[in-house]
Amino acid sequence: MPPAGCADPPCQATVAEADARPAFARAREWLRARLGQDTFHRWIAPLAWGGVEGQTAVLRLPSRFMAEWVRDHFQEPIRLAIEAAMPGVDDVRIECGAGVPPAPYGPTPPDSAPALEPSEAREPTEARRPAFDPRYSFRGFVVGRSNELAYRAARTLAEAVGTGAPAGFNPLFLHGPTGLGKTHLMHAIGQGVQARLPTARIAYLSAERFMVEFLAALRARDTISFKQRLRSCDLLMIDDVQFIAGKESTQEEFFHTMNEIIGAGRWLVISADRSPQNLEGIESRIQSRLAWGLVADIHPADYELRLNILKAKLGAQPEAAVPADVVEFLARRIVANVRELEGALNRVLAYAQLTGRTVDLDFTREVLADVLKAHARRLTIDDIQRRVADHYRIRVSDLLSPRRARDVARPRQVAMYLAKQLTSRSLPEIGRRFGGRDHTTVMHAIRRIEELRRTDPELDRDLDLLLRALDG
């Protein structure tokens, strides 16, 4: 008898389920191509199909550790692949499933793995070998003005740990908003050290995991093993240290761990979403210790860096045909952070491959409709004109006037350039908003500013300041 609410067989749920398995197979092949054979075999291949519940695809893995690791690191690409392959499915749930066959290999538990039970705290005292993501290498990190200091500092420290060369600082503190590359640089440091010194003892874990493992060791009355494992490392890396704010006992242990590592001549890398002085709820002695080394901030990526990131990502996928206007469109419109920018590109590529459609602007707008709506700019040409006029201490009316004196013409060109970069307005429309000028005038202004940015440091600084202010 068919389920209640269904017509005579085949009902819609049965049809959807019958189509789901081949669609899941297509999604898996796309993930294999995008993530690489090794990553796919280690983490994606063991995924078992668990059916569709409403608009959610259910996937199962044989262990809690694997389920949490895949959720933390691959949930978004998996969701994108399945959403594109299965119309009507818009979410994915990854769980530990009873009866799922064990994986045919033993993945190395990375130090950012899920919380340990108290009994698991009694592990060997030697540092485990972290499983760094091979995609997060120095070669894969696109450098721009906003992240150059952090990149150079990370490379210097990796070389110092791996070869014994002096770095001139310890610890290294990386800070910036989420999704800008802090974790990428920490994985790159770890891989750089492993390549130069394979015997190096490295621990990489989040501050939250540091807290969970420490509390588990306390409950198990085995803090000695915990202390020895971390304090004997050649390189200790703690991600997102802001999460131990207000945790007094954890901060006490963290402070002594830092002192032990640095005092023994070993290396420490810390990341957070803000500078040491702005870490609310963190003890002042920890703030002081963190600021003692090199503090490297990562600013939001400007348009040029966003464009270069997309070009680099596409360069690694020569089979992906994405027109230049689509790349520029994404770089202009997805400004929150690098992670969301790459996610938008991945989504467009996934939908194109799984639906067989050609990537163009209309297709991109269709696929990213919800993302673009969430990131819709409220920035207008009027906003840009006011900000540029204030920066150069002139009136907005000067930008719109026929005056051609250099003290007005150059700010006008800057404002036109920014209007093109930061809004979706066409060249003729921008020209009309600048005193009824022709679109060829706007094109000339854009080309002129692009040329001057490469040769005029003062203008480049002006644009950097204006872009940051307007992006904010």
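Just above, that's the structure.
Computed from a predicted structure; not experimentally measured.

Among soluble globular proteins, nonpolar side chains are generally buried collectively. Core analysis: the largest hydrophobic core is formed by 92 residues, its most contacted members being Ile78, Ile82, Leu172, Ile189, Leu235 and Leu330. Broken down by element, the residue count for this core peaks at 11 residues, all from helix 3 (residues 64-85). Among residues more than four places away in sequence, those in contact with Ile82 are Phe24, Ala27, Ala57, Leu59, Val89 and Val92. Listed in part, the 26 residues of the second largest apolar core include Met258, Ile261, Leu279 and Leu290.

What follows covers the sheet that holds strand 4 (residues 172-175). Strand order in the open sheet formed by 5 strands is 5-6-7-4-8, with parallel pairing between adjacent strands. In the strand order of this sheet, the two ends are held by strand 5 (202-206) and strand 8 (294-297), each with one partner. Strand-to-strand twist in this sheet, taken as the mean axis angle between neighbours without regard to direction, amounts to 15°. Seen against the sheet, helix 8 (residues 248-263) touches strand 6 (235-239) and strand 7 (267-272) and runs at an angle of roughly 140° to strand 7.

So, about helix 17 (residues 406-422). In a regular helix each residue adds 1.5 Å, so 17 residues correspond to 24 Å; helix 17 covers 24 Å between its end C-alpha atoms and thus fits that length. Within helix 17, 13 of the 17 residues are buried, which leaves the element mostly enclosed by the surrounding structure.

With that settled, consider the pattern of salt bridges. The final tally for this structure, using the stated rule, is 30 salt bridges. A salt bridge links Arg79 to Glu76; its shortest N-O distance comes to 2.7 Å. Taken as a pair, Arg79 and Glu76 lie in helix 3 at a separation of 3 residues, close to a single helical turn. For Arg79, a relative accessible area of 15% puts it in the buried group. One network of salt bridges, in which partners are shared, links Arg145, Asp302, Glu304, Arg453 and Asp460.

A few words now on the packing of aromatic side chains. In the structure shown here, the tally under the stated rule is 7 aromatic pairs. For the ring pair Phe214 and Phe226, a centre distance of 5.7 Å and an interplane angle of 45° mean the geometry is tilted. Of this pair, Phe214 sits in helix 6 (residues 207-219) while Phe226 sits in helix 7 (residues 223-231), and the two are 12 residues apart along the sequence. A residue is classified by how much of its surface remains accessible, and Phe226, at 5% relative accessible area, is buried. Pairwise contacts between aromatic rings join Phe210, Phe214, Phe226 and Phe254 into one cluster. The ring of Tyr136 has Arg135 lying over it, and the distance from NZ or CZ to the ring centre is 5.6 Å. Directly above the ring of Phe255 sits Arg285, whose terminal nitrogen or CZ lies 4.2 Å from the centroid.

What follows is about the sheet that holds strand 2 (residues 56-61). Read across the sheet, 3 strands follow the order 1-2-3 without closing on themselves; strand pairing throughout is mixed. A single partner strand is all that each edge strand has here, and the edge strands are strand 1 (48-53) and strand 3 (91-96). Neighbouring strand axes in the sheet, compared pairwise and without regard to direction, differ in orientation by 25° on average. Strand contacts of helix 3: strand 2 and strand 3, with the helix running at about 160° to strand 3, the strand carrying the most contacts.

Conventions used here
Residues numbered from 1 in each chain as written. Predicted model: local features only at pLDDT ≥ 70, side-chain atom pairs only at ≥ 80, totals over all residues. Heavy atoms only, no water. Core = buried A, V, L, I, M, F, W, Y, C linked by side-chain atoms within 4.5 Å. Buried < 20%, exposed > 50% of the residue type's maximum accessible area, 1.4 Å probe, protein only. Helix = DSSP H or I, 4+ residues; strand = E, 2+ residues; numbered from the N terminus. Contact = heavy atoms within 4.5 Å. Pairing = 2+ DSSP bridges. Axes fitted to C-alpha atoms, helices over the stretch in contact; angles between N-to-C directions. Expected span 1.5 Å × (residues − 1). Salt bridge = Lys/Arg side-chain N within 4 Å of Asp/Glu carboxyl O. Phe/Tyr/Trp six-rings, centres within 6.5 Å; stacked < 30°, edge-to-face > 60°. Lys NZ or Arg CZ within 6 Å of the ring centre and 35° of its normal.

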